[in-house]
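Coordinate analysis (summary)
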Amino acid sequence: MDPLQLFLDQVGPSSEAEAAWLKNIFTFITQHLSPVSCGPTPSAADLSTGVSCDHGVSQLSVCVLQTIREKMCVAHSLPVSYRLLSVSELVSQQHLACVSNLSWSTNQHRAWAKEAELSLPGQRALRRVNLLLIGCLREGRGGEWRLTDSSGSVRCECLSPSPLWLNRPVFLPHWNYIPHDASGLEEDQGHLELIGSPVVLCPEQGLAAGLGGAGLSGGAGLSGAVGVREAAAFLQNRVRGQRVSVYGRVGSVCPLLAVAGTTFFCFTLTDATHTLPVLIKDGGLRWSPCVCVGQSVCVTALRVCALRGWRGNNILCVTERSELRTDYTHTPGHVHAPADHAHADSQQDTPLLMMSQADEGCEEAEPGEAEPGEDVGQSGERMKQSRVISYQGTVTEVVSEGAGLYVIDREVGLCVAYQPAARRKLRAGDGVELHHVHLLHRPCPDFPPSMLCCCLRSTLRVTAFSRVGGAPPSPRCPGDGVLPRLLLQSDTGVSEYLWACHVTSQLLHSPSVSHLSVSHLSVSHLSVSHLSVSHLSDSHLSVSHLSVSHLSVSLLPGVLQHQCVCLLSWKLMKTLRRQTGRRRRDIYSEMLDELHTCPLTQYRPDPLAHQNLSVSDLLQSLQSTCWSSVSLRSLLPPDGSNQTRTQINSALSWSSRTLSSDPRTGTGLRPRPLLLVGVLQLPSQTSELQHALQLRDATGAVACVVTETSEVDGGQTASFNTAWIGCLVCVLQFTMVTERFLQSDFPSYQHLDEDRFITHKHCRVYLQFSLDNVHILSPSVAMVTHLRRKGEESGHDVTGRKRRREEDEPGSSSSSVTVTADSQPCVSMVIRVEEKEGVAWKNTGAESDSEGAGLSVSFSVRSAAIGPAVSWGQDPKNGPMAEREMDGEAEQKVVLVLSGASARWFPVLQPGCFYRLVAANTQDPRVLIGCGIRGWSQVELRTESTLQVRSDWRFHTVTRPLRLPTCRQVAPPSVLSVSEVLGCSSEVVCLQGLLSERISVRDRGAESEHTGVRLTLCDQSGRSLRVYLDLSHTPYPPGLLPGNIVLLSAFQRKLSRSGGVYCSFLPVSCITVMSLADSSCAPPPAPIMHLGQWSTCSEQGCIMGRVRGHVVCFLFLQLQWSCSLCGSLYTQRCSSQCGSSSSVFQSTAKLVIDDGTGEAHVWFSGAVVRSLLGLADPQWEGLQRALRVKGDIRVYPRGRSLVGDGGSDDPLLHFLMCVCSSDVVCRPIFITCRKHTNQRSEEVRRFSRADRTFMTRLSRPLQLTCVHQDDVTAHLCSSG
């Protein structure tokens, strides 16, 4: 009879639909399962006995149908909505993650999906499909299990597999399918997740021969099995050819490893007193999913072998005849071994179970226990000891699959990077069970406080598959595991590895340099071409050499971009967190030694590890806290409550806030040190700060005031090296500056809380740093040339002060630079900059063709051409000067005019430096020949040649040519100090000094902002000079902050009407920041002056000085309530009827000071008058209240005669007279004063004696104004 009809008669379908469905079942089994079960051709024994595969198919079909009916939730009908699917159809057609469960009803599925989505908010449950799978479980490569039919195979993951399932046909009632991630890898084609046990379809008879003797024979070698204690004796006496069967409890299961082409794994068998290691390889690899910690097993036919590399210790190894029996109970003499499952369950009931590897109460290692070569971390933290525990939980977040980072139970981190990558990646929702895992406390501040890290002895077992589909692969870290491979190569600590992973995640996720790094890595030879684990030789892990090649941007796919960012982060980690004395990783000792040691045993946490910020995040943080972090009252001096409207609004017009990138050296923006990664670029045309370079990443750009070390004297100077332009850098130490500009009209101090008096406010944000604190991650082509020349001069290779020499591989071309983008012909000329004008808004007409007439940024440079214009086949950049570039007989002066787009070169063109000016896309030297200015008579005027620099021309800094004749190495124009400017007679000066004060000068005519600025410069002698700036026609210059050293070029020296010296800004004046403020160094104080010498000194430089003397007497004292608006006398109301309702208290005093060399009249005002009178705060406040009604009072004590402008019976007047004439006011005093420069040297005085009148000339006393009162006691102690 037809086998199909026989099958239908045997089943008896109740409808045509069921009959058709049964036919499909039988046909599917015949086509896909029978060839696998019976083999391609029947055996001779089958033919002789008349047994055919058709009979087996019928039996198999009946068995499948019975199994389906048993698993169904409804027993009266067949599941005609389900269909059998071949493996090839599943892999090729199912592109979405799905779940299938034959026993589910619709309500059960809905409840299951709702529970899954509630447990993981934001995730979607796996979609249900009505598909059935049948096949044979076979062993694949490396011990993996695969479901196989005649169309193909797919990898299977099982929760609690049994070796008895192998090589048998099975039916899968409940399974998940996870498709591949479209990575293109052949071995990653999706996998099945078997939930629960599959149903074995092979009957006991009829298919035994067809299955080919699968797996295990029922108990061969089991009768002679011995325990762990007895088997341990076999390891001591190795006998050739001896085999032993051992039973025991599994203590640990190590992950699969591949060493020198051999794949293996190890596990240990334990009893109450002994531990026995077992090595599994070759055919035994199929057992790797079956062996679980805490399980009782028996392994037969083991032999004793010596494991090379493990200190010569013997180990049990499987043979071809070895068998594994799980859930084994030894019954000699009917005595059952203790049930181990209860113990395993007790471990799983406790979330954190401490093991015996570390003391529970001591987590930090003692200094004497540290390994040789271990040093203290950057933050001073000592090495800490990890604890070994067991843990069970649920994966709630996949932080980075490629880096092996996860979160369990929403609060515990998991790192599996120290183990080889598993075939199945963990997904959110997976239940996991961890044994012998290391618990670390706060190894990295960017991760959860508790971190679980798996070493080679740790066991990670999935106990429940995730019910959700999961998000697509995260772009934060590449899925091919670049960082774990780098970890295996360098054996880095866990704290350092976690930090590198976090930085990689930030750089890729922000994205700060994700699209910038590729183009720069191709230049700096960091592009990854291949990175893989090549071999594990003997007892040490090793990674194949990281080869690099020159790849253009167009050849770099997205995955390779991610790899480049990983390498950048790794290089940055190696630079910031150097390690010394780490030993190489011994994998066998790590897995098998009873006294466990591994890279995770000790770790060095760093709570102050650097934190990376993108430029946009930095700008947003600074701008958002610009005004919210400051109170307007805090911007005023201590006596601000007694200031008038003009004084208050002037003081509020400009203020600044400086934050340090490292909170340990100053006020920081974040609790941890910051670092920035970006590309140094010239300022763009739209930049508000044209005087400064820019640090740009993919999120934005920030202006930077940059200094570097001078090649002449080794001191700090403004940035001049154009090789830094285009470099991908990491800025480690920098200062964040926020300048606040406020236009207000506050009537008084009491109105500062009312925003309606603020008419306009804005801020400017920029950075200040030195290039000495910058690490080059990827140099530009010009920087490679510069570093090579610098290495040749010093005898070793350097990379931005921190570069190590790296030997190139044989045949490698990494030492050569391939120039492709700059291969166009060009013309160049070497110049020496002599003078540079300041950048300003000018109507040059240079951009009139494209943008129309209008103002554009422009400046000019006066320079000397070292040699003639030279043609090149490609851009020579900053290469050494050729002989033909120095062939000129005499230098030619040329004025370079840079406007519009070419004005971006302003920050790097410095006087005294040599540059190569390159005109691209031409070989005509005439383009670099300047033209003279001709008058109406066509006669050339006597002036330098003028050359308009085009927007596509480039400047390259050239190292000072040593072969240049000495006569042509002209020194830059002389720079004067503040003292020299005060004493010279030049009209236009170039001076350099320390900026000690910056005040915004209120300009009532300005509509948008205050453009007037008054700077106070001083030198080491303490002498100071005031400089006035008019910024109405120039872009705002950053860096004018107290503490910075600035160079002011082409400033006009002037004398005030009072005879003082000051400097003013000219249209050609230039401001350059030469050195940044040092918080550890205070500005030099004013010089100490003797009154006798100061009164006769005619030098203009003696304006500010410190005086130490004694108060002789009061000459004048005035206390007054004044109107805060107009300054008139205020009693109950303003005397000028201005309508103001607010007043301020003002005090003025004039004293006679004597220091032994002479006397001086010193004026005091403000809060210092209270201290001069010796009044306490309550007395001073009572004095102000008593004066409220009268409004003001004046006292003229002159020696012993006391004179006042009030009535003689005024008690307040008598009180002040007594105070001014008391001995309390006559005391030592130490003050900083400003000399009045408009006083006359002599005056004519008339004296009358009897009937005669005498006229004589008397020298006027020295007139001073107190600027600051110092503590005389502290000064005496310091001077003593």
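Residues numbered from 1 in each chain as written. Predicted model: local features only at pLDDT ≥ 70, side-chain atom pairs only at ≥ 80, totals over all residues. Heavy atoms only, no water.

Turning to the overall build of the protein, a few remarks are in order. Check the secondary structure of the protein and you find 23 helices and 61 strands. Long-range contacts, defined here as pairs at least 24 residues apart, represent 71% of the contacts in the protein between residues at least 6 apart. For the protein, the exposed area adds up to about 58,600 Å²; of that, 50% sits on carbon and sulfur atoms. (Helix = DSSP H or I, 4+ residues; strand = E, 2+ residues; numbered from the N terminus. Contact = heavy atoms within 4.5 Å. Areas by Shrake-Rupley, 256 points an atom, 1.4 Å probe, with all protein chains shown as cover.)

What follows concerns the pairing of strand E20 (residues 387-400). A large share of E20 lies buried, amounting to ten of its 14 residues. Pairing analysis gives seven bridges linking E20 to strand E23 (residues 431-441), with the strands arranged antiparallel. Note on E23: the bridge partner recorded for Val388 is His438. By the bridge criterion, four bridges tie E20 to strand E21 (residues 405-408) in an arrangement that is antiparallel. Looking at E21, one finds that Glu397 is bridged to Val407. What sits between E20 and E21 in their antiparallel hairpin is a turn of four residues, with Gly404 showing a positive phi close to 75 degrees. (Buried < 20%, exposed > 50% of the residue type's maximum accessible area, 1.4 Å probe, protein only. Pairing = 2+ DSSP bridges.)

A cluster of nonpolar side chains, Phe1247, Phe1254 and Leu1258, forms an exposed patch at the surface whose accessible area comes to about 240 Å². By secondary structure assignment, the location of Phe1247 is in strand E59 (residues 1242-1249). (Patch = residues over 30% accessible without salt bridge, like charges linked within 9 Å, V, L, I, M, F, W, Y side chains within 5 Å. Salt bridge = Lys/Arg side-chain N within 4 Å of Asp/Glu carboxyl O.)

Structurally, the position occupied by Leu618 is in helix H14 (residues 615-624). As a C-alpha pair, Leu618 and Leu676 span 58 residues in sequence and 9.0 Å in three-dimensional space. In this structure, Leu618 is in contact with Leu613, Leu669, Leu676, Met736 and Leu767, ignoring residues within four places of it in sequence.

Quick look at the pattern of salt bridges now. This structure, assessed with the given rule, holds 26 salt bridges. One salt bridge connects Arg764 with Glu688, and the closest N-O pair in it is separated by 2.8 Å. In this pair, Arg764 is assigned in strand E37 (residues 758-770) and Glu688 in the loop between strand E31 (674-681) and strand E32 (693-697), connecting sequence segments 76 residues apart. Residue Glu688 is classed as partly exposed on the basis of its relative accessible area, which comes to 45%.

All right, on to unusual backbone geometry then. Although it is not a glycine, Ala301 adopts a positive phi angle of roughly 55 degrees. In this fold, Ala301 is placed in strand E15 (residues 296-306). What makes Ala301 buried here is its relative accessible area of 15%. A positive phi is found at Arg410, a non-glycine position, where the angle reads about 65 degrees.

The next subject is the pairing of E32. For E32, the tally of buried residues reaches four of five residues, placing the bulk of the element in the interior. Direction of pairing for E31 relative to E32: antiparallel, over a ladder of three bridges. By the bridge assignment, Val679 is partnered in E32 with Arg696. Bridge analysis of E32 against strand E33 (residues 700-709) gives five bridges, and the strand direction is antiparallel. Among the inter-strand pairings, Leu693 is bridged to a residue of E33, identified as Cys704. Remark: two residues form the turn of the hairpin made by E32 and E33, two consecutive strands paired antiparallel.

Residues spaced three or four apart along an α-helix face the same direction, because each turn holds 3.6 residues. Every buried residue belonging to helix H21 (residues 1177-1186) is among Trp1180, Leu1183 and Gln1184, and all of these are buried. Down the axis, H21 shows its buried residues gathered within 100 degrees of arc, on one side only. Along H21, the residues that are exposed and aim more than 90 degrees away from the buried face are Pro1178 and Arg1185. Against the buried residues of H21 lie strand E53 (1104-1123), strand E54 (1143-1154), helix H20 (1168-1173) and helix H22 (1211-1221). (Arc of directions from axis to C-beta.)

In terms of nonpolar packing, the biggest core is built from 62 residues, with Met736, Leu767, Phe769, Leu896, Leu898, Leu928 and Phe955 touching the most fellow members. If sequence neighbours within four positions are ignored, Leu928 has contacts with Val827, Ser828, Met829, Ala869, Leu917, Ala919, Leu947 and Trp953. By size, the runner-up hydrophobic cluster in this structure holds 48 residues, among which are Trp145, Cys158, Val278 and Leu302. (Core = buried A, V, L, I, M, F, W, Y, C linked by side-chain atoms within 4.5 Å.)

Among the residues of helix H1 (residues 3-11), those classed as buried are Phe7, Leu8 and Val11. In an axial view of H1, the angular spread of the buried residues amounts to 95 degrees, which keeps them on one side of the axis.

Now for empty space enclosed by the protein. This structure, assessed with the given rule, holds six cavities of 30 Å³ or more. Within this model, the largest cavity holds a volume of roughly 190 Å³. Lining the largest cavity are 17 residues, with His691, Val705, Pro907, Thr1072 and Val1073 sitting closest to its centre. In the lining of the largest cavity, the residues fall into twelve nonpolar, four polar and one charged. (1 Å grid on protein atoms, 1.4 Å probe; cavity = no way out; pocket = protein on both sides within 12 Å on 5 of 7 lines; lining within 4 Å. Points joined across faces, edges and corners; volume = space filled by probe spheres on them. Nonpolar A, V, L, I, M, F, W, Y, C, P; charged D, E, K, R; others polar.)

One pass over the structure, following the stated rule, counts 16 aromatic pairs. Ring centres 4.8 Å apart and planes at 50 degrees place the aromatic pair Trp104 and Trp112 in the tilted group. For the pair Trp104 and Trp112, one class covers both residues: buried. Put simply, the rings of Tyr418, Tyr497 and Trp570 touch in pairs and so form one group of aromatic residues. (Phe/Tyr/Trp six-rings, centres within 6.5 Å; stacked < 30°, edge-to-face > 60°.)

Our focus in this paragraph is the confidence of the model for the protein. The predicted coordinates ought not to be read in detail in places where the model reports low pLDDT. Mean pLDDT over the protein stands at 79; residues scoring 70 or higher make up 78%. Here residues 39-51 scores under 50 on pLDDT; set against residues more than four positions off or in separate chains, the count is four contacts. Contacts for the low-pLDDT stretch residues 514-557, under 50 throughout, to residues beyond four places or in other chains number 116 contacts. (pLDDT = per-residue confidence, 0-100.)

Assignment of secondary structure puts Asp753 in the loop between strand E36 (735-744) and E37. Put simply, Asp753 and Leu632 are 121 residues apart on the chain and 8.1 Å apart in space, counted from C-alpha to C-alpha.

For the rest of this paragraph, the subject is the side chain of Gln694. Mapped onto the fold, Gln694 is located in strand E32. Using a relative accessible area of 6% as the deciding quantity, one classes Gln694 as buried. A polar contact of 3.4 Å, which involves the side chain of Gln694, links it to the side chain of Ser687. In this structure Gln694 touches Val679, Leu680, Gln681, Leu682, Pro683, Ser684, Ser687, Ala701, Val702, Ala703 and Cys704, once residues within four positions along its chain are discounted. (Polar contact = N/O pair within 3.5 Å; in protein donor to acceptor, adjacent residues only side chain to side chain.)

What follows is about the state of the cysteines. All chains considered together, the criterion is met by zero disulfides. No disulfide involves Cys415; its sulfur sits 4.7 Å from that of Cys453, the nearest cysteine. No disulfide involves Cys1226; its sulfur sits 7.2 Å from the nearest other cysteine sulfur, which is in Cys1113. (Disulfide = S-S within 2.5 Å.)

With that settled, the discussion passes to the environment of Pro289. Positionally, Pro289 belongs in the loop between strand E14 (275-281) and E15. Overall, Pro289 belongs to the partly exposed group, its relative accessible area being 25%. Here the alpha-carbon distance between Pro289 and Glu157, two residues 132 residues apart in the chain, equals 8.3 Å. Not counting residues up to four positions away in its chain, the partners in contact with Pro289 are Gly143, Trp145 and Pro161.

With that out of the way, let us pick up the side chain of Ser621. By secondary structure assignment, the location of Ser621 is in helix H14. With relative accessibility at 16%, the residue Ser621 sits in the buried group. Each residue touching Ser621, except ones within four places of it in the same chain, is listed here: Leu669 and Arg670.

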